[in-house]
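Coordinates in review
What follows is each chain in one-letter form.
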Amino acid sequence: MSSSKIRLGILGGGGNSLIGVLHRIASSMFDRYQIVGGVFNPNWDDNIEFATSIGLPTNRIYKDFNSLIEAELQLPKEQRMQVVSILTPNFLHFPMAKKLLENGFHIICEKPLTTTYQEAKELYTILQEKKTVFAVTYTYTGYPMVRQMREMIRTGVIGKVQKIDAQYYQGWINPIIHDVEKRKTTWRLNPEKSGISCCIGDIGTHAFDMLEYVSGVKIENILADLNHVYDDNQMDVDGTILLRCSKNVKGVICASQIATGEENSFVVKVYGDRAGLKWEQENPNYLYLMEEGKPLQVLKPGHEYNSKLSLDGTKLPPGHPEGIFDAMGNIYKGVARAICNESFNEGEFPTITDGVRGMSFIETAILSHKKGNVWEAVDQNYKL
Ligand SMILES: NC(=O)c1ccc[n+]([C@@H]2O[C@H](COP(=O)([O-])OP(=O)(O)OC[C@H]3O[C@@H](n4cnc5c(N)ncnc54)[C@H](O)[C@@H]3O)[C@@H](O)[C@H]2O)c1
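None of the values given here were measured: they were computed from a predicted structure. Throughout this document, residue positions are counted from 1 along each chain, in the order its sequence is written. The predicted nature of this model means local features are confined to residues of pLDDT at least 70 and side-chain atom pairs, given and counted, to a pLDDT of 80 or more, with totals for whole chains, interfaces and linings taken over all residues. Hydrogens and water are ignored here; the side-chain numbers use all heavy atoms of the structure.

**Regarding the site of the ligand**
Applicable threshold: Here a residue counts as near a molecule or strand whenever at least one of its heavy atoms sits within 4 Å of it. Two N or O atoms count as a polar contact when they lie within 3.5 Å, although within protein this holds only if one can serve as hydrogen donor and the other as acceptor, and sequence-adjacent residues are included solely when both atoms are side-chain atoms. For every accessible area listed, the method is Shrake-Rupley and the probe measures 1.4 Å; residues are considered covered only by the protein chains on display. Strands are runs of DSSP state E lasting at least two residues, helices are runs of H or I lasting at least four, and both sets are numbered from the N terminus onward.
Around the ligand, a shell composed of 27 residues is seen, among which Gly 14, Asn 90, Lys 111, Thr 139 and Trp 187 lie nearest. The backbone of Thr 88 places a nitrogen or oxygen atom 3.4 Å from an oxygen atom of the ligand. Take Asn 90: an N or O atom from its side chain is 2.6 Å from an oxygen atom of the ligand. With the chains in place, 86% of the 860 Å² that the ligand exposes on its own is no longer accessible. Taken together, the elements giving at least two residues each to the shell around the ligand come down to helix H4 (93–102) and helix H10 (199–215).

**Comments concerning the packing of aromatic side chains**
What counts, and what does not: Here a Phe, Tyr or Trp ring, Trp counted by its six-membered ring, pairs with any other such ring whose centre lies within 6.5 Å, and the pair is stacked when the planes are under 30 degrees apart, edge-to-face when over 60, and tilted otherwise. We call a charge positioned above a ring when the Lys NZ or Arg CZ atom is no farther than 6 Å from the ring centre and deviates by at most 35 degrees from the ring normal.
Tallying each qualifying case throughout the model produces 13 aromatic pairs. The interplanar angle of 20° and the centroid separation of 6.5 Å between the aromatic rings of Tyr 286 and Tyr 288 together place this pair among those described as stacked. An aromatic cluster of at least three residues, connected via ring pairs, comprises Tyr 140, Tyr 143, Tyr 168, Phe 266 and Trp 279. Directly above the aromatic system of Trp 375 lies the positively charged group of Arg 244, at a separation of 3.8 Å from the ring centroid. Above the plane of the ring of Tyr 288 lies Lys 278, whose end atom (NZ or CZ) is 5.9 Å from the centre.

**Some words on the side chain of His 93**
So the rule is basically this: Only protein chains enter the area calculation, which uses a 1.4 Å probe; residues under 20% of their type maximum are buried, those over 50% are exposed, and those in between are partly exposed. The contact criterion used is simple: two residues touch if any of their non-hydrogen atoms lie within 4.5 Å.
Along the chain, the position of His 93 falls in helix H4. The class for His 93 is buried, based on a relative accessible area of 1%. At 3.3 Å, the side chain of His 93 and the backbone oxygen of Glu 110 are in polar contact. When residues no more than four places from it in sequence are discounted, the contact partners of His 93 are Ile 86, Thr 88, Cys 109, Glu 110, Lys 111, Pro 112 and Leu 113.

Functional significance is not addressed by these values, which are geometric in nature.
Rendered as structure tokens:
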């Protein structure tokens, strides 16, 4: 009997990658996908060795991305890959996504969507015609308590939103940036592979997407002050960005990869005129509700007081901590529902619109900084 699982291909995410294991486990979490092949590594021996090491048959492991498309299109539709996850360095997202889209595949693409805003808009235009499912993995939106934050703000629990604030601090680039050789050989600091930004493109974009996802306000104008630390380094590794948003809301995004000693400290705060909500990625199972004149309340996943969207992202009874793998699993689950034409909540996975807005944000931040820290507009033509 043939499997009813969605046939998934993977590009990138080989043994040495940071993100590959997260996607593989996420795709297996709800028994909706079967990995049928891919290109895990541009080096053929590494590619085959890795596929074998994870127990995949090698007949659909391809030498490169073009061979994958060519060979898959030769297969009958009921055997062909239905969706392909793009987990490569940023500069490959666009050529891969474009060709996959043109040939009718569904896509799950890592962020940032592309290396330029122009490329992102081009993908958006092709998608309007092809109408396949296109997810962009802003992973943190998959956490149950982030979903709960979104739903509480939507239903008015904190009142009218009046301030948004996201701080995303890491320290991993600190030892690299101070070593001339290392800073020349890390792909994230190479504009040809990473795009025009390092810190804002890599983590500032998570903060941007998250603030819009939870608060429901649109970030319209920004003023960025970035730091490259060394004159020979073309890429930002730290930045503070002031935000002016819809509904008279203002806010700030602070992002850094030189916050020495920090691991993955992503803290999101939204304040309304009645209460505030705070969520911290390193303690993702706690959502803090701060109400005027009342003791702090801590909400946790799996309880009936949570919204349907949040509860849908929890697999175990309260008290069994779930984490980043589960968050990505929730995104894959939403994508599976969309691919199979089942009903789903639009908060279940970020789409190409998030990806396009993210690229506009990155380019606008760089422009604002380059022009001497001036206010610049984020393109509002691609509203969610
Ligand atoms: N959603 C998140 O929170 C999150 C976290 C980390 C990374 N990312 C994104 O994931 C992407 C990959 O980042 P990473 O840290 O895993 O990078 P990495 O350098 O650790 O791994 C990249 C992988 O791509 C493979 N690769 C390179 N060229 C290829 C090609 N031509 N064909 C097939 N495979 C190829 C490499 O062999 C490697 O396995 C980036 O876009 C990054 O922004 C997202």
